[in-house]
Amino acid sequence: MYAQMIKSEATKEDPEKLAAFQARIDADDKIEPKDWMPLGYRKTLVRQIGQHAHSEIVGQLPEGNWVTRAPTLERKAILLAKVQDEAGHGLYLYCAAETLGVSRDELTEDLLSGKMKYSSIFNYPTLTWADMGAVGWLVDGAAIMNQVPLQRTSYGPYARAMVRICKEESFHQRQGYDIMMKMANGTSAQKRMAQDALNRFWYPALMMFGPSDKDSVHSEQSMAWKIKMNTNDELRQKFVDQTVPQAEYLGLTVPDPAVKWNDKTKRYDFSEPDWDEFFDVIKGNGPCNTERLAARNRAWDDGAWVRDGFLAHARKKAARRMAAE
Ligand code: FAQ
């Protein structure tokens, strides 16, 4: 249905309509589902919101891996709540995408077939309990850095979904930092685990913001449409500036000898991630890509009986209603 809609809309767009649309964006008007919008705007939103939703859903897997092995009942309850929040975020985002004319089933099919992307970060493994701290602190920390500005994004349903998501993400980040505090101030073995988790998650967290600005394909147009509010490099720098002092407070070392406060720029200097690794991961060759997609495909197949049951029930109800009319 989405493909058909794109086809039928893919005629030359009226320059007057385009100019009026851009004027609304420039005036910080919110665009709502029934408003006219350029095809490219709609497509970009479906891509970005869809990828974001998939990231929330696939993002449950690395932490779900530790729910049964959390060290205390309290930690287990907190982690469980966090993972459930991520599922909720996925649902708000799929709903926002649906307002653009794409169905959740279509988006899910594109995730399961590998056609649509999800965040690179979730293709890295979570090897120890300290990784739960690093994920909350760094991964949710990077997610918030990106998503707080998206509360002002031009598409109304996306901006509104983001408000609630950001509130929950900030709790997630704090719970991650709390785990790191506990471990960094624990036994020397625990501190080593915390440092090891920081070592492994630092660069993948920096990659979450996307390729460097010179290699970003969509930033310029997405920023003109206020689908993105900042460039990838701007947000990455803000994240480094916020996170380095937090690592120092923990007594941990960021695994980059080039990290240094720059008095002239009033920012931290740091090394770029390995972009070859990033592009390889988003092509499907990261350490856990196969495992993650297999897990989501299994969940979809295992849930078929629930979907079939609901559909059969809905059909039966509709048939009864028609017979009564
Ligand atoms: N991973 O031209 P750009 C979370 C792709 S939520 C994979 O710069 P754009 C919560 C990009 O799609 C994390 N692919 O792209 C949580 C494009 O390829 P395409 C998700 C990436 O869209 C925490 C190509 O590279 N957050 O973590 C990545 O303008 C803990 C060129 O890049 C969002 O989705 C990447 N990291 O900027 C859950 C936020 N970066 O599509 C569980 C919304 C780039 O042409 C546990 N999204 N690519 O084939 C955005 O802000 C943007 O989409 C960016 C990328 C900034 C991610």
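The present account deals with the structure reproduced in this document. This one's a predicted model, so the numbers in the text were calculated from it and none came from an experiment. (Residues numbered from 1 in each chain as written. Predicted model: local features only at pLDDT ≥ 70, side-chain atom pairs only at ≥ 80, totals over all residues. Heavy atoms only, no water.)

### Observations concerning the packing of helix H3 (residues 39-58) against helix H4 (residues 60-67)
With their axes 6 Å apart at the nearest point, H3 and H4 run at an angle of 15° to one another. Between H3 and H4, the interaxial angle falls into the category roughly parallel. The segment H3 lies against H4, with Glu56, Ile57 and Val58 engaging Gln60, Leu61 and Pro62. When its residues are assigned to classes, the contact of H3 with H4 shows four nonpolar, one polar and one charged. (Axes fitted to C-alpha atoms, helices over the stretch in contact; angles between N-to-C directions. Helix = DSSP H or I, 4+ residues; strand = E, 2+ residues; numbered from the N terminus. Parallel < 35°, antiparallel > 145°, perpendicular 65-115°, else oblique. Contact = heavy atoms within 4.5 Å. Nonpolar A, V, L, I, M, F, W, Y, C, P; charged D, E, K, R; others polar.)

### Things to note about the site of the ligand
Among the 35 residues in the neighbourhood of the ligand, the closest are listed as Lys117, Ser216, Val217, His218 and Lys228. Contacts to the ligand include Asn146, whose side-chain N or O atom sits 2.9 Å from an oxygen atom. Lys228 is positioned with one of its side-chain polar atoms (N or O) 2.7 Å from an oxygen atom of the ligand. In isolation the ligand offers 1100 Å² of accessible surface; the protein chains occlude 91% of this area. Among the elements of the structure, H3, helix H5 (73-98), helix H7 (130-150), helix H8 (156-184) and helix H12 (275-285) are those that each provide at least two residues to the shell around the ligand. Residues that form the shell around the ligand fall into these classes: 13 nonpolar, 13 polar and nine charged. (Near = heavy atom within 4 Å. Polar contact = N/O pair within 3.5 Å; in protein donor to acceptor, adjacent residues only side chain to side chain. Areas by Shrake-Rupley, 256 points an atom, 1.4 Å probe, with all protein chains shown as cover.)

### Quick notes on the pattern of salt bridges
Oppositely charged side chains are able to pair whenever their charged atoms sit close together. Within the structure shown, the criterion is met by 17 salt bridges. Here Asp29 ties to Arg24 by a salt bridge, and the two come within 3.0 Å at their closest N and O atoms. For Asp29, a relative accessible area of 35% translates into the label partly exposed. Across the salt bridge formed by Arg200 and Asp196, the nearest N and O atoms sit 3.0 Å from each other. Of this pair, Arg200 and Asp196 both sit in helix H9 (residues 188-207), four residues apart, which is roughly one turn of that helix. Assessed through its relative accessible area of 24%, Arg200 is described here as partly exposed. (Salt bridge = Lys/Arg side-chain N within 4 Å of Asp/Glu carboxyl O. Buried < 20%, exposed > 50% of the residue type's maximum accessible area, 1.4 Å probe, protein only.)

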